[in-house]
Amino acid sequence: MIRVLIADDEELIRGALVALLSMEPDIEVVADVRDGRAAVTAAQQHRPDIILLDLEMPVLDGVEAAIELGPLVGSPVIIVTRHARPGTLKRALAAGVRGFVPKSTPASELAAIIRSVAGGDRYIDATLAAAALTEDESPLTSRETEVLRLTQEGLATKQIARALGLAHGTVRNHLSMAMAKLHADSRIAAAVVARDRGWI
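Description of the structure in this document.

1. Description of the overall build of the chain
Phase 1 of the analysis: Secondary structure assignment for the chain yields 10 helices and six strands.
Phase 2 of the analysis: Expected size for 200 residues packed as a compact globule is a radius of gyration near 16 Å; at 18 Å, the chain falls within 12% of this value.
Phase 3 of the analysis: Along the first, second and third principal axes, the C-alpha atoms of the chain reach 60 × 35 × 30 Å.
Phase 4 of the analysis: Counting only residues that meet the buried cut, the chain has 43% of its 200 residues in that class.
Phase 5 of the analysis: Considering only intrachain contacts with a sequence separation of at least 6, the fraction spanning at least 24 residues in the chain is 65%.
Phase 6 of the analysis: With an accessible surface of roughly 9500 Å², the chain has 54% of that area assigned to carbon and sulfur atoms.

Below, the structure is given as structure tokens:
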């Protein structure tokens, strides 16, 4: 029996996944939660064989949750997403994610992917993989990426400075550089561009 944890903030999607996967004779859904932080907690409690994460969730997104889960649990992670971007795929692979599939994947195919990953394989949607090969690398430094990620989360520049232990002026400099690189006229616009390209 393959024990699965599901995390998705959309109640309807999560409920459908639980119902459909529970119909498989060799798959048992041991927990279902609505955000990335709850996924980390539930995974430590239940120690599932496979962790199925939505990419876009509150508190921690799928990739951020996968990064935390790696050293804590070690269970293979499959990310399911509606809006897959090549840059996001690269982030997911760097985080050690074993599967990356679109939400349009039929339930029977998802069950087969779960079995494959549980058996030690890796599954990456072919269309996403092909797009990732041609995607430009992020022009942002790691610090510029951090400040844009916090901008996207709604933090003001002074809050970002406190969160990262930086001077307010330093944060503004990083934001200015990021805006110039992304040809954006505001820090919010720069964060949107970076998010759309899967860089944050």
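Having seen the structure, we can now continue with the description.
2. Let's talk about the pairing of strand S1 (residues 2-7)
Phase 1 of the analysis: Within S1, five of the six residues are buried, leaving the element largely enclosed by the surrounding structure.
Phase 2 of the analysis: As judged from the six bridges shared by S1 and strand S2 (residues 27-33), these two strands associate in the parallel manner. Each bridged residue has a counterpart across the sheet, and for Ala 7 the counterpart in S2 is Val 33.

3. Observations regarding the packing of helix H2 (residues 36-46) against helix H3 (residues 62-72)
Phase 1 of the analysis: Put simply, H2 and H3 touch, their axes get as near as 9 Å, and they point 15° apart. Classified by the angle between their axes, H2 and H3 sit roughly parallel to one another. As H2 runs across H3, the sense of the crossing is right-handed. Residue-level inspection shows Gly 36, Arg 37, Ala 39, Val 40, Ala 43 and Gln 44 of H2 in contact with H3, the latter providing Ala 65, Glu 68, Leu 69 and Leu 72.
Phase 2 of the analysis: Looking at the contact of H2 with H3 residue by residue, the classes come out as six nonpolar, two polar and two charged.

4. Section: the sheet that holds S1
Phase 1 of the analysis: Reading across the sheet, the six strands line up as S2-S1-S3-S4-S5-S6 and stay open at both edges, with parallel pairing between neighbours. Both edges of this open sheet fall to S2 and strand S6 (123-124), since each of them pairs with a single strand only.
Phase 2 of the analysis: By the bridge criterion, four bridges tie strand S4 (residues 77-81) to strand S5 (residues 99-102) in an arrangement that is parallel. Within S5, the residue paired with Thr 81 across the bridge is Pro 102.

5. Observations regarding helix H1 (residues 11-22)
Phase 1 of the analysis: For H1, built from 12 residues, the straight-helix expectation of 16 Å at 1.5 Å per residue is met to within 8% by its first-to-last C-alpha distance of 16 Å.
Phase 2 of the analysis: Among all positions in H1, only Arg 14, Leu 17 and Leu 21 are buried. Along the axis of H1, the buried residues cluster in a sector spanning 60°; they form a single face. Facing away from the buried side of H1, by more than 90 degrees, are the exposed residues Glu 11 and Leu 12.
Phase 3 of the analysis: Those residues of H1 that are buried are in contact with S1, S2, strand S3 (50-54) and helix H5 (107-118).

6. What to know about the layout of surface pockets
Phase 1 of the analysis: Its volume calculated, the largest pocket comes out at about 230 Å³.
Phase 2 of the analysis: Every residue lining the largest pocket is counted, 18 residues in all, and those nearest its centre are Ile 13, Leu 17, Val 80, Lys 103 and Leu 110.
Phase 3 of the analysis: Sorting the residues of the lining of the largest pocket by element identifies S1, H1, S3 and H5 as the ones contributing at least two each.
Phase 4 of the analysis: Looking at the lining of the largest pocket element by element, the count peaks at five residues for H1.
Phase 5 of the analysis: Residue classes in the lining of the largest pocket are distributed as 14 nonpolar, one polar and three charged.

Rules and cut-offs
- Residues numbered from 1 in each chain as written.
- Predicted model: local features only at pLDDT ≥ 70, side-chain atom pairs only at ≥ 80, totals over all residues.
- Heavy atoms only, no water.
- Helix = DSSP H or I, 4+ residues; strand = E, 2+ residues; numbered from the N terminus.
- Rg over C-alpha atoms; globule rule 2.2 N^0.38 Å.
- Buried < 20%, exposed > 50% of the residue type's maximum accessible area, 1.4 Å probe, protein only.
- Contact = heavy atoms within 4.5 Å.
- Areas by Shrake-Rupley, 256 points an atom, 1.4 Å probe, with all protein chains shown as cover.
- Pairing = 2+ DSSP bridges.
- Axes fitted to C-alpha atoms, helices over the stretch in contact; angles between N-to-C directions.
- Parallel < 35°, antiparallel > 145°, perpendicular 65-115°, else oblique.
- Left-handed = near helix turned anticlockwise from the far one by under 90°.
- Nonpolar A, V, L, I, M, F, W, Y, C, P; charged D, E, K, R; others polar.
- Expected span 1.5 Å × (residues − 1).
- Arc of directions from axis to C-beta.
- 1 Å grid on protein atoms, 1.4 Å probe; cavity = no way out; pocket = protein on both sides within 12 Å on 5 of 7 lines; lining within 4 Å.
- Points joined across faces, edges and corners; volume = space filled by probe spheres on them.

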